[in-house]
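# Coordinates in review
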Amino acid sequence: MKAQQRIAVIGAGLGGAAAALLLQQAGYKVRVYEQAPEFSRLGAGIHLGPNLMKVLRKVGLEKALCDIGCYPDAWYSREWNTGAEMARIPLADYAEKRYGAPYLTVHRGDLHALMVQGIQAGTLEYGKNLTNVEDTGSEVVLSFADGSTATADIVIGADGVNSKVREVLLGAELPIYTGFIAHRAVANADTLKYAQDLCCKWWSDDRHMMVYYLDRAKKEIYYVTGVPQQTWDLNHRWLPSSKDEMREAFAGWHPAVQALIDNTVEVTKWSLLERDPLPLWSRGRLVMLGDACHPMKPHMAQGAAMAIEDAAMMLRCFDAVGLDDYHTAFALYEANRTERASKVQKVSHDNTWLMSNEDPEWCFGYDVFTVPLVDIPAK
Ligand code: FAD
C-alpha cells in the first residue's frame, strides 16, 4: 500500500532531506525536488540536541555524527564583559543519560551531506525550482522554472521560509523581519589567541554571540550572533559582513570575543525572519514542514530540529493512519506538532533559552517516536 502513493518532497534542506530519508527507509515512494543546482559546505554550524539526535539515530547517522562532532561538556552562558558564568547546563554523559541521546555540535554542511547521501540514488533532482502547484483532486501537478512538470499523489512543502507551497496554500506574503541579524563565521581554531569554552553563549542586554567548535578534533570554531538592526532589504537572505563591522557591534566585549573577531577570515550576516503561526499546515494533497510553516529566530538552536522532528512525526502519522486517508494523516500530524513548534518559536523569539540555569528537559528529553499522540481536535 505504502509504495502506491507517490510522494513529492519540495526542498532538500535539513527538513526535506529528513522527510525523504525517513519515508524511503519506511518503504514509501518518494522523489525530492531541490531548486539549488548543487549543495556546498556553507560556513555555518549546528547544534544537534538529544531530541534531534533521536531522529538521526533512527535514520542510521548517529555513529557517523558522533565520530565527527564536538561533544561539549556543557552549554555555558557568560556575561558579555566580565565573562562571569550566568549558567552552566551540563551536557556530555549527563545529557546522554538524562535525555536519552548525545548533544553534539557539528558543521551544518557535514550534517547535510550525510543526510543527502542517504537519499535513494536517482530520487533527488537538483535545479528544480518549483513555480506552480495544481491539486487536480486526483493528483498534484508540479511545474518547475526549467519548464518541466512532474506529478505526485502527496506533496510535502519543505521549501523553507519563502515556501512556494505555503504561498499556494495561503497566498503571497513576505515573512516578518524581526529587527535582528545574525553574523556567521567559521574559522580555523588553531590560530585563535584566547582559550574558549567548547560551547558558550555571550550575552548583553540587546545582543549575543554563540560560540562552539564544529568537530571532535577542535580544528574549526564557529560563531553566530544576534544583533539589532532596524531595517533589512528582504530581497537579500544574507550579505557579506566584515571584521570592522564585528568590532563595532561587539566593542568593549570580553577578550575571548575580541580574539574570535580577530581570528575571523570571512563573516556573513543573515536576516532573522519569522511568521505568525499559520492557520493551516495542509490542504488537499499538500502539507508543509519546517521553516515553510514555522520559521523562527535561531536563538534556541532548534529550528532545524523542529523541521526534522516534523518529518518524523509525519512518518508516524502516515504509518498510523495510512496514506489513502491523507486528510486524517495530515490533521493528526498538525495536531501533534503545532503546540511544540509554537512554543519553540516563542522561546526563540524571546531569546531567553539557557540564559540562566533552567531545566531543558521539555525540549531535549522529547522523543518524537514515543511521545503519546494527541487526538485531532473536534471542529
Ligand atoms: P531550509 O533549510 O531553508 O531548506 C529549504 C530548502 O528548500 C532549500 O534547500 C531550498 O533551496 C529549497 N527550496 C526553496 N524554495 C524552493 C522551490 N521553489 N523549489 C525547490 N526547492 C526550493 N537551527 C538549528 O536547529 N540549530 C542551529 O544551530 C541553527 N542555527 C541557525 C543560524 C542562523 C543564522 C539561521 C538563519 C538559522 C539557524 N537555524 C538553526 C535554523 C535552521 O537553519 C532552519 O530552521 C532550518 O534550516 C529549516 O529547515 P527547512 O528544511 O525547513 O528549510
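### Focus: the site of the ligand
If you check the shell around the ligand, you find 32 residues, and the closest are Gly15, Glu34, Arg108, Asp291 and Ala304. Glu34 places a polar side-chain atom, nitrogen or oxygen, 2.6 Å from an oxygen atom of the ligand. Between Arg108 and the ligand, the recorded distance is 2.7 Å, taken from a side-chain N or O atom to an oxygen atom. Considered on its own, the ligand offers 1000 Å² of accessible surface; in the complex 88% of this is hidden by protein. Counting residues per element, the ones that place at least two in the shell around the ligand are α1 (14–25), β3 (45–48), β12 (176–188) and α9 (303–321). By residue number, the principal contributor to the shell around the ligand is α9, which donates 4 residues.

### As for the side chain of Arg275
By secondary structure assignment, the location of Arg275 is in the loop between β17 (268–274) and β18 (282–283). One buried charged side chain, Arg275, makes no salt bridge at all; its nearest oppositely charged neighbour is Glu173, positioned 5.0 Å away. Setting aside its immediate chain neighbours within four residues, Arg275 contacts Val161, Asn162, Arg166, Glu173, Leu174, Pro175, Ile176, Pro295 and Gln345.

### What about empty space enclosed by the protein?
Gaps left between atoms show up when a probe the size of a water molecule is rolled over them. Counting across every chain of the model gives 1 cavity of 30 Å³ or more. Looking at the largest cavity, its volume works out to about 40 Å³. In terms of lining residues, the largest cavity is bounded by Ala185, Ala187, Ile221, Tyr223, Leu260, Asn263 and Thr264. At the level of secondary structure, the elements contributing two or more residues to the lining of the largest cavity comprise β12 and β15 (220–228). Classifying every residue of the lining of the largest cavity gives 5 nonpolar, 2 polar and no charged.

### Let's talk about the pairing of strand β14 (residues 208–213)
Of all the 6 residues making up β14, 6 are buried; the element is thus mostly covered by neighbouring parts of the structure. What you see with β14 is no split at all: His208, Met210 and Tyr212 on one side and Met209, Val211 and Tyr213 on the other are buried throughout. In this sheet, β14 lies alongside strand β13 (residues 199–203) in antiparallel orientation, the contact comprising 5 bridges. When the sheet's bridge partners are listed, Cys199 is paired in β14 with Tyr212. Hairpin connection from β13 to β14: 4 residues lie between these consecutive antiparallel strands. In this structure, the hairpin formed by β14 and β15 is closed by a connection of 6 residues, where Lys218 is found at a positive phi of approximately 60°.

Here is what the cut-offs are and how they apply
- Residues numbered from 1 in each chain as written.
- Predicted model: local features only at pLDDT ≥ 70, side-chain atom pairs only at ≥ 80, totals over all residues.
- Heavy atoms only, no water.
- Near = heavy atom within 4 Å.
- Polar contact = N/O pair within 3.5 Å; in protein donor to acceptor, adjacent residues only side chain to side chain.
- Areas by Shrake-Rupley, 256 points an atom, 1.4 Å probe, with all protein chains shown as cover.
- Helix = DSSP H or I, 4+ residues; strand = E, 2+ residues; numbered from the N terminus.
- Buried < 20%, exposed > 50% of the residue type's maximum accessible area, 1.4 Å probe, protein only.
- Lys, Arg positive; Asp, Glu negative; His and termini not counted.
- Salt bridge = Lys/Arg side-chain N within 4 Å of Asp/Glu carboxyl O.
- Contact = heavy atoms within 4.5 Å.
- 1 Å grid on protein atoms, 1.4 Å probe; cavity = no way out; pocket = protein on both sides within 12 Å on 5 of 7 lines; lining within 4 Å.
- Points joined across faces, edges and corners; volume = space filled by probe spheres on them.
- Nonpolar A, V, L, I, M, F, W, Y, C, P; charged D, E, K, R; others polar.
- Pairing = 2+ DSSP bridges.

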